[in-house]
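Single-letter residue listing:
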Amino acid sequence: MKLAIIWVGKTSTDYISKAIDTYVQRIGHYMPIEVIEVADVKNAKNMDVAQLRQKEGELIIKQLRADDYVVFLDDKGKQMSSTEFANWIDKHNMNSSIKRLVFVIGGAYGFSIEAYKQAKAFLSISKMTFSHQIIRPILVEQIFDIIKELHKAGKNASYGNGYQKEVCRKK
């Protein structure tokens, strides 16, 4: 399985970019990963929220493939503990029909209806609200931690066993 993360716009600060780069590089040691940064919409200041969502949605959809398993990060999505998220990724990694698992982080105003229709699952990182910028390193850190522990434990091992279970409790 390959992993892709799509987000809208450039990462605005160096410290966030460095964190993302570090974890993406580390993930790459265990599995193929690509980060797709969809360009900011031109003339966004002259658009209302619905128009901006529509344009961003079109750009996101262009990056998706028919056989992708698409997961949108959304405040109404399913919330999981680190262990639950790890087991979810492990389950999807074992599903040989999934060629590319794609996580999508939308712009500041969320997704268009057309974009929402592309998702097979919705994930919420927290009940708290975070900027779409800060969610980026949080997501890649969680994925790295999961992939590393799954690799350490062996392909068919459950993430929530042993050492990692203790780490999750301390977080």
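Quick summary incoming for the structure in this document. Since the structure is predicted, the reported quantities are computational estimates derived from the model, not experimental observations.

## Details of the overall build of the protein
Piece 1. The secondary structure content of the protein amounts to 6 helices and 5 strands.
Piece 2. Walking the protein from its N terminus toward its C terminus, one meets helices and strands in the order β-α-β-α-β-α-β-α-β-α-α.
Piece 3. Its C-alpha atoms give the protein a radius of gyration of 16 Å, within 12% of the compact-globule value 16 Å for 171 residues.
Piece 4. Across the 171 residues that make up the protein, the buried fraction comes to 44%.
Piece 5. In the protein, 83% of the contacts between residues at least 6 apart in sequence involve partners at least 24 apart.
Piece 6. Summing over all exposed atoms, the protein offers an accessible surface of approximately 9,800 Å²; the carbon and sulfur share of this is 51%.
Piece 7. Positive and negative side-chain charges of the protein, numbering 26 and 19 respectively, have mean locations separated by a distance of 3 Å.

## Things to note about the packing of helix H1 (residues 14–28) against helix H5 (residues 132–153)
Piece 1. Between H1 and H5, the shortest axis-to-axis distance is 9 Å and the interhelical angle comes to 25°. One finds that H1 runs roughly parallel with respect to H5. Handedness of the H1/H5 crossing: left-handed. Contacts between H1 and H5 involve Ile16, Ala19, Ile20, Tyr23, Val24, Arg26 and Ile27 on the former and, on the latter, Gln133, Ile134, Arg136, Pro137, Val140, Glu141, Ile143 and Phe144.

The rules we used
- Per chain, residue numbering runs from 1 following the sequence as it is written.
- Local features in this predicted model are restricted to residues of pLDDT 70 or higher, and side-chain atom pairs are both shown and tallied only at a pLDDT of 80 or more, whereas totals for entire chains, interfaces and linings draw on every residue.
- To get the side-chain values, all heavy atoms of the structure are used, and hydrogens and water are removed first.
- Strands here are runs of E lasting at least two residues and helices are runs of H or I lasting at least four, both read from the DSSP assignment and numbered beginning at the N terminus.
- Atoms considered for the radius of gyration are the C-alpha atoms alone. The globule rule reads 2.2 Å times the number of residues to the power 0.38.
- Here's how the labels work: a residue is buried when its accessible area is under 20% of the maximum for its type, exposed when over 50%, partly exposed in between, all with a 1.4 Å probe on protein chains only.
- Contact criterion: two residues are considered in contact whenever any of their non-hydrogen atoms come within 4.5 Å of each other.
- Note on areas: Shrake-Rupley, 1.4 Å probe, and residue coverage restricted to the protein chains presented here.
- Charged-residue counts in this description rest on Lys and Arg as positive and Asp and Glu as negative, His and the chain ends being excluded.
- Taken as the charge centre is NZ of Lys, CZ of Arg, CG of Asp or CD of Glu, depending on the residue.
- To get an axis, a line is fitted to the C-alpha atoms, and for a helix only the part in contact is used. The angle between two axes follows their N-to-C directions and goes from 0 to 180 degrees.
- Angular relationships are summarised with four words: roughly parallel below 35 degrees, roughly antiparallel beyond 145, roughly perpendicular across 65 to 115, and oblique for the angles in between.
- Left-handed describes a crossing in which the near helix is turned anticlockwise from the far one by less than a right angle; the clockwise case is right-handed.

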